[in-house]
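Listed below, chain by chain, are the residues.
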Amino acid sequence: MKKLIIIALTLFSLCTATAQKTKGGDNQQREIEYQLANQKYKEQEYAEAAEIFQRLYKKYGQQHYLTQYADCLIRLGEYNTAEKALKDYVRKNSTAWRPIADLVYVYTIDNKKKEADKIIDDIAKDLPPNKNAITSLASALWTRNLYEQSIKILEKASRTKTGDYSYYTELANAYQNIGDYERCFEYYLKHIEDNPQQMENTKSRIQVIIINDTRGEMADMLRRTLLKRLQKNANDDTSAEMLVWLSLQQQDYELALDQCISMDRRLGDYDNRIINLANITSNNRQFDIAKRGYQYIVDKKENNIFRNEALIGLLNTEYQQLETENGKASDFARLAEKIENTLNTLPANTHPQLINILAAIKAYHTYSPAEAEELIQNTLDQYQLGRNDIATLKMRLADIKLTRNDIWEATLLYSQIDKSMKEEPLGHEARFKNAQLRYFIGEFAWAEAQLKILKAATSKLIANDAMSLSLVIKDNLEADTTGNELRRVARADYYIYRHDIETATLLLDSIIATGNNISKPHAMFKKAELIAKKGDRQQANAFYAEGLNLAFSNLYESAGAEYPSSAAFIYKGNDAGSQDTLTEWETFVTAVCNAGFMITASWPLARKYESSIELAESRGIPITVVFRKRPADAPQTTRRVFVAAVKRELPGIVEDLKQKVDVMDLRPSAIGPALNIYSRYGKVLDADGSVMRPHMASRIIEQELDTLLISIYNDANDGKEENRNG
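### Considering the overall build of the protein chain
And then number 1: The helix and strand inventory of the protein chain stands at 34 helices and five strands.
And then number 2: Going through the 726 residues of the protein chain one by one, you find that 48% of them count as buried.
And then number 3: Considering only intrachain contacts with a sequence separation of at least 6, the fraction spanning at least 24 residues in the protein chain is 61%.

Written out as structure tokens, the structure is:
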């Protein structure tokens, strides 16, 4: 009996093994045939591919074999055969959305509109009950370029809320893809109304549309759409909120403020939002609009908890406006009187910022530095202040003492702030000012040691300033190891710091006349800054450009053809000037290229950034730009060829960098290789035969970079949003 059982088990094992072997061989043969069919399809041998796909479908009955078989028949023009195969399958599988879409497509290209419409109408009358089915069907129709039919299904599903879902984003994407941006915006706005938590994500999607709009029409269209919605319903908070956002994106601060005030009058509780908007507007030097925002809050009822904050913001903006517009001493005196009157109405512990402004006016504009010092010292002695307020006032006191040549008291105060706030922005600022003080008095080694540390400061502005001053010291000492020329430069900078513009100008003119190849451009840059403060932007830009041209012409003469050169610069992404006015970055690019160099690479110097990519780029990123001498026989090309090369090569540059650098480093790392596309040519000729100027090439490259980077930035921001919500 046991022998019989063993024999039976053995026979069973052999049969199983044989079956498995047969099945394995069958799968292998199936895969071989499938690969062969795909190969034939790629080679456009559709008849042979159709024969294999048909055989696979008949044998295994899988849908993807059918759709590939039908696709071959469609390409061969055998519509009746394709129709029959698809109809047979759909009759048995009523929710097979891809074959259904293929069947509608066959009817459409075979001029059987009635049959195609009937399928869509039947589905629309009895929609699938869940979201996945609807989106799968719409996607399948879209893949076949059946846009109208896809939208019809989505519209019906949206109206009936099939699957308890609105389909607004799907419809917005659909209308965007067919170029109907008005409907696209409408559906995005409906999506926000239904899902307020998705507002930021939707703003990012809309921003992609606006940035990629080369004609500049999309922002105006969205503005009209929002205003039209608000005319119909003044209480449409979604449209009002989006109009504020759009206005800020377009830097239309007046419209943004009007909307915020309107919403505050209707809903209340917008005081903090208006103050934040006024702060942004003031920082962007739209002082009159900012003052209107602050004044609106100040004029509200007395028990408004934001009134004092608005009052301080208003006075600070008036001060910044006078500083920017080079106000007269009498204007500053009137503002000082207004501040003193305001101080009498405020609680004692709320006024450090106003004391700081008042001290600056007394020290620098009404020429009462002793009074300014006394004012600050009394405030520090009499009131219980927070550590930030104490540090800020001590910083102002140290600044004033430095202008009065009280060097050791100033350095003591800076050191106190540095020690008490070592790893905080105010501490870094104090350390920088201490290093700057040492530079002024000729202690260059001490200054350089501190600046080296500060280049990695968490505050971007301090890191940038530290890098700039460090380069001034390093470059000048390399050109003149005695340090004599650097001492002349430092003295000129010190007189600028002390607001002794007359003496500073005399020193700068002397350096420009007799300085070396390093000190002379620096003096030109400083003189450009002084001229700009007087309001003559045109002459200032000319001095700045002349300084850069001189610097790079000198560098070209001393540079070897076999080795690259480099320069550090503060780069602002997509910071384009006007047709006739160049930004500092564009002036830099122009000077490098016109000197005879081709730019080859770039990378960021500072590794610590602001809270967002956009903020980091707007404030400027310190970068190293690498360049080498352009070959004397470098070819010339046309604008058309250059633009085509940008569109062809730039995606590969960005894609390669994505694997190597953080997303926040993408633009500063890509701009160098991108500019190589232009600067490697001896000339790029416009259609009229004129030579394309470097800044115009830079703008073309920046625009294309925007198109490539915006989706990457949005993905990065979406990831942060998911992490916050997760």
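### Here's the deal with the sheet that holds strand β1 (residues 565–571)
And then number 1: Taken together, three strands build an open sheet; the order of strands is β1-β3-β2 and the sheet is antiparallel. Unpaired on one side and paired on the other, β1 and β2 (597–604) mark the two borders of the sheet. Neighbour-to-neighbour, the strand axes of this sheet turn through a mean angle of 30 degrees, independent of strand direction.
And then number 2: Here seven bridges tie β2 to strand β3 (residues 621–629), and the two strands are oriented antiparallel to one another. Residue M598 lies in a different strand from β3, and its bridge partner there is R628.

### A closer look at helix α5 (residues 97–109)
And then number 1: When the terminal C-alpha atoms of α5 are compared, their 18 Å separation across 13 residues agrees well with the 18 Å that a helix rising 1.5 Å per residue should span.
And then number 2: Of the residues making up α5, those classed as buried are W97, P99, I100, A101, D102, L103, V104, V106 and Y107.
And then number 3: Tucked into the core, α5 has its buried residues touching α3 (63–76), α4 (79–92), α6 (113–125), α7 (131–143) and α8 (147–160).
And then number 4: Among the residues trailing α5, N111 stands out with phi positive, at a value near 60 degrees.

### Looking at the environment of T169
And then number 1: Structurally, T169 can be placed in helix α9 (residues 168–177).
And then number 2: When the C-alpha atoms of T169 and I192 are compared, they prove to be 9.6 Å apart, with 23 residues separating the residues in sequence.

### Considerations on α7
And then number 1: In this model α7 runs 18 Å from its N-terminal to its C-terminal C-alpha over 13 residues, within 8% of the 18 Å that 1.5 Å per residue would give.
And then number 2: Along α7, the residues that are buried comprise A133, I134, L137, A138, A140, L141 and W142.
And then number 3: In this structure, the buried side of α7 is in contact with α5, α6, α8 and α9.
And then number 4: Where α7 begins, one side-chain oxygen reaches toward the backbone nitrogen of N132, 3.3 Å away; that side chain belongs to N130.
And then number 5: Positive phi appears at N145, one or two residues downstream of α7, with a value of about 60 degrees.

### Looking at the pattern of salt bridges
Charged atoms that come close allow side chains of opposite charge to pair.
And then number 1: Inspection of the entire model under this criterion finds 52 salt bridges.
And then number 2: Notably, a salt bridge pairs R55 with E33, separated by 2.9 Å at the nearest N-O pair. Here R55, found in helix α2 (residues 46–60), pairs with E33, found in helix α1 (residues 2–42); they are 22 residues apart in sequence, far enough to count as distant.
And then number 3: Taking the relative accessible area as the measure of exposure, E33 reaches 17% and is therefore buried.

### A look at the packing of aromatic side chains
And then number 1: Applying the stated criterion across every chain yields a total of 25 aromatic pairs.
And then number 2: Measuring from ring centre to ring centre gives 4.8 Å for Y165 and Y167, while their planes differ by 90 degrees; the resulting arrangement is edge-to-face.
And then number 3: Overall, Y165 belongs to the partly exposed group, its relative accessible area being 22%.
And then number 4: Looking at Y167, the relative accessible area reads 0%, which means it is buried.
And then number 5: Here the aromatic rings of F569 and W585 are separated by 6.0 Å at their centres, their planes lie at 55 degrees, and the arrangement is tilted. With F569 in strand β1 and W585 in helix α30 (residues 584–594), this pair connects stretches of sequence that are 16 residues apart.
And then number 6: Given the relative accessible area of 12%, F569 is considered buried.

### Regarding the side chain of R144
And then number 1: Within the fold, R144 resides in the loop between α7 and α8.
And then number 2: The exposure class of R144 is buried, given its relative accessible area of 12%.
And then number 3: Here D102 takes part through its side chain, which lies 2.9 Å from a polar atom of the side chain of R144.
And then number 4: Every residue in contact with R144, bar those within four places of it in the chain, is listed here: D71, I74, R98, A101, D102 and Y105.

### What to know about unusual backbone geometry
And then number 1: We note that Y167 has phi near 65 degrees; this positive angle belongs to a residue other than glycine.
And then number 2: Secondary-structure assignment places Y167 in the loop between α8 and α9.
And then number 3: Of note, the phi angle at N405 is positive, near 70 degrees, even though the residue is not glycine.
And then number 4: Tracing the chain through its elements places N405 in the loop between α21 (387–403) and α22 (407–420).
And then number 5: Assessed through its relative accessible area of 45%, N405 is described here as partly exposed.

Conventions adopted
Starting afresh in each chain, residues are numbered from 1 along the sequence in its written order. Whole-chain, interface and lining totals are the exception, using all residues; otherwise, since this is a predicted model, local features are given only for residues with pLDDT of at least 70 and side-chain atom pairs are given and counted only at 80 or more. Excluded from the side-chain calculations are hydrogens and water; all other atoms, namely the structure's heavy atoms, are used. Numbered from the N terminus, helices here are DSSP runs of H or I no shorter than four residues, and strands are runs of E no shorter than two. Only protein chains enter the accessibility calculation, which uses a 1.4 Å probe; a residue whose area is less than 20% of its type maximum is buried, one above 50% is exposed, and one in between is partly exposed. In what follows, residue pairs with any heavy atoms lying within 4.5 Å of each other are defined as contacts. DSSP calls a pair of strands paired once it identifies at least 2 bridges connecting them. Here the axes come from fitting lines to C-alpha atoms, over the contacting stretch only for helices, and the angles between their N-to-C directions go from 0 to 180 degrees. In this analysis, the expected span of each helix is defined as 1.5 Å times one less than the number of residues it contains. Nitrogen and oxygen atoms within 3.5 Å of one another constitute a polar contact, given that in protein one can donate a hydrogen and the other can accept it, and given that sequence-neighbouring residues count only through two side-chain atoms. By definition, a salt bridge exists where a carboxyl oxygen of Asp or Glu is found within 4 Å of a side-chain nitrogen of Lys or Arg. Two aromatic rings, drawn from Phe, Tyr or Trp (for Trp, its six-membered ring), form a pair once their centres lie within 6.5 Å of each other, and the interplanar angle then sorts them: stacked below 30 degrees, edge-to-face above 60, tilted otherwise.

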